[in-house]
Protein chains: 2
Amino acid sequence: MAKTKHLIGQRHENEVAILKRFGENLRKIRENRELSQEEVAYQTGFSRSYYTEVETGKRNISLLNILKISFFLKVELDELIKVKDCSI
Amino acid sequence: MAKTKHLIGQRHENEVAILKRFGENLRKIRENRELSQEEVAYQTGFSRSYYTEVETGKRNISLLNILKISFFLKVELDELIKVKDCSI
């Protein structure tokens, strides 16, 4: 908990909004496919706690991890990221 | 140099290929806009050395930094990332 607060504390408000939007997109796509967080985490090789932090916008996910998710969920990057109305 | 070798050493061959492809895409887009590495680094708030490492595929760039670049260069994410024929 302390670590999460610290991570968020270092980020600009817009950056926090973008990561939350990404996480919400991801959650909706996963739920549409009727998959659990555990299943996606397992199939992409992430820990459950890391994956949960991505979905709740607490992680600034890397390119390679974005691609692992998009390949596994068969989702276009534009659909997954879709943060165009956010400024950075 | 030692650090870079270490970073690459930890990655799977496919992951290295993806990061190199991303960096090549970025370099081509930047050169099409007749911008120098220094200009893009300065405008996006990156150090020159970090930006160079991204263009040469030595960095697993984060979502927020991908977005900073795509907003500044006014390039779609699909065009910037474009690694669909790479496996991960």
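Residues numbered from 1 in each chain as written. Chains lettered and ligands numbered in written order. Predicted model: local features only at pLDDT ≥ 70, side-chain atom pairs only at ≥ 80, totals over all residues. Heavy atoms only, no water.

1. Re helix H5 (residues 63-73) of chain A
Residue and element names in this part refer to chain A. To keep it simple, the criterion reads: We call a residue buried when its accessible area falls under 20% of the maximum for its residue type, exposed when it is over 50%, and partly exposed in between, using a 1.4 Å probe and counting protein chains only. A run of H or I in DSSP becomes a helix once it reaches four residues, and a run of E becomes a strand once it reaches two; helices and strands are each numbered from the N terminus.
For H5, a buried count of 8 out of 11 residues is recorded, marking the element as mostly surrounded by other parts of the structure. For H5, the set of buried residues is Leu 63, Leu 64, Asn 65, Ile 66, Leu 67, Ile 69, Ser 70 and Leu 73. Phi for Lys 74, located one or two positions after H5, is positive at around 50°.

2. Quick word on the interface of chain B and chain A
Rules: We call two residues in contact whenever any of their non-hydrogen atoms come within 4.5 Å of each other. Any Lys or Arg side-chain nitrogen located within 4 Å of an Asp or Glu carboxyl oxygen qualifies as a salt bridge. The definition of a polar contact used here is a pair of N or O atoms within 3.5 Å, where within protein one atom must be able to donate a hydrogen and the other to accept one, and adjacent residues in sequence count solely through side-chain atom pairs.
Across the boundary between the two partners, chain B contributes 23 residues, which contact 22 residues of chain A. Our enumeration of links across chain B and chain A arrives at 2 salt bridges. Where Lys 68 of chain A meets Glu 15 of chain B, a salt bridge forms, and the shortest distance between an N and an O atom there is 3.3 Å. Across the contact surface, chain B and chain A share 10 residue pairs in polar contact (both at pLDDT 80 or more). Looking at the side of chain B that touches chain A, the elements with two or more residues in it are helix H2 (13-32), helix H5 (63-73) and helix H6 (77-81) of chain B. If you tally residues by element for the side of chain B that touches chain A, the top one is H5 of chain B, at 6 residues.

3. Brief notes about the relation of the copies chain B and chain A
Note the following rule: Here the copies are matched by least squares. The fit uses the C-alpha atoms of residues with pLDDT of at least 70 in both.
For the match of chain B to chain A, the screw axis carries a shift of 0.0 Å, the RMSD comes to 0.0 Å, and the turn is 180°. Both copies of the chain, as the preceding transformation shows, are related through a two-fold rotation axis. Using C-alpha coordinates, one finds that chain B approaches the rotation axis most closely at Ser 62 of chain B, a distance of 2.0 Å. Looking at the interface residues of chain B, 96% of them are also at the interface in chain A, so both copies use one shared face.

4. Regarding the confidence of the model for chain A
All names here are of chain A. In plain terms, the rule: Along the chain, pLDDT gives the predictor's confidence residue by residue, from 0 to 100.
With 83% of its residues at a pLDDT of at least 70, chain A reaches an overall mean of 88. Within chain A, helix H1 (residues 2-9) has the poorest average pLDDT of any element, 47, and helix H4 (residues 48-55) the best, 98. This stretch, residues 1-6, has a pLDDT under 50; its non-local contacts, to residues over four places away or in other chains, come to 3 contacts.

5. Overview of unusual backbone geometry
All names here are of chain A. Located in the positive-phi region is Glu 34, a residue other than glycine, with phi close to 55°. In this fold, Glu 34 is placed in the loop between helix H2 (13-32) and helix H3 (37-44). Notably, Lys 74 is not glycine yet its phi reads approximately 50°, a positive angle. Mapping Lys 74 onto the fold places it in the loop between H5 and helix H6 (77-81). Lys 74 sits in the exposed class, given a relative accessible area of 71%.

6. What about the pattern of salt bridges?
Residues and elements named next belong to chain A. This structure, assessed with the given rule, holds 10 salt bridges over all chains. Note that Arg 27 and Glu 31 form a salt bridge whose closest N and O atoms lie 3.2 Å from each other. Placement of the pair is Arg 27 and Glu 31 together in helix H2, with a separation of 4 residues, close to one helical turn. The exposure class assigned to Glu 31 is partly exposed, which follows from its relative accessible area of 41%.

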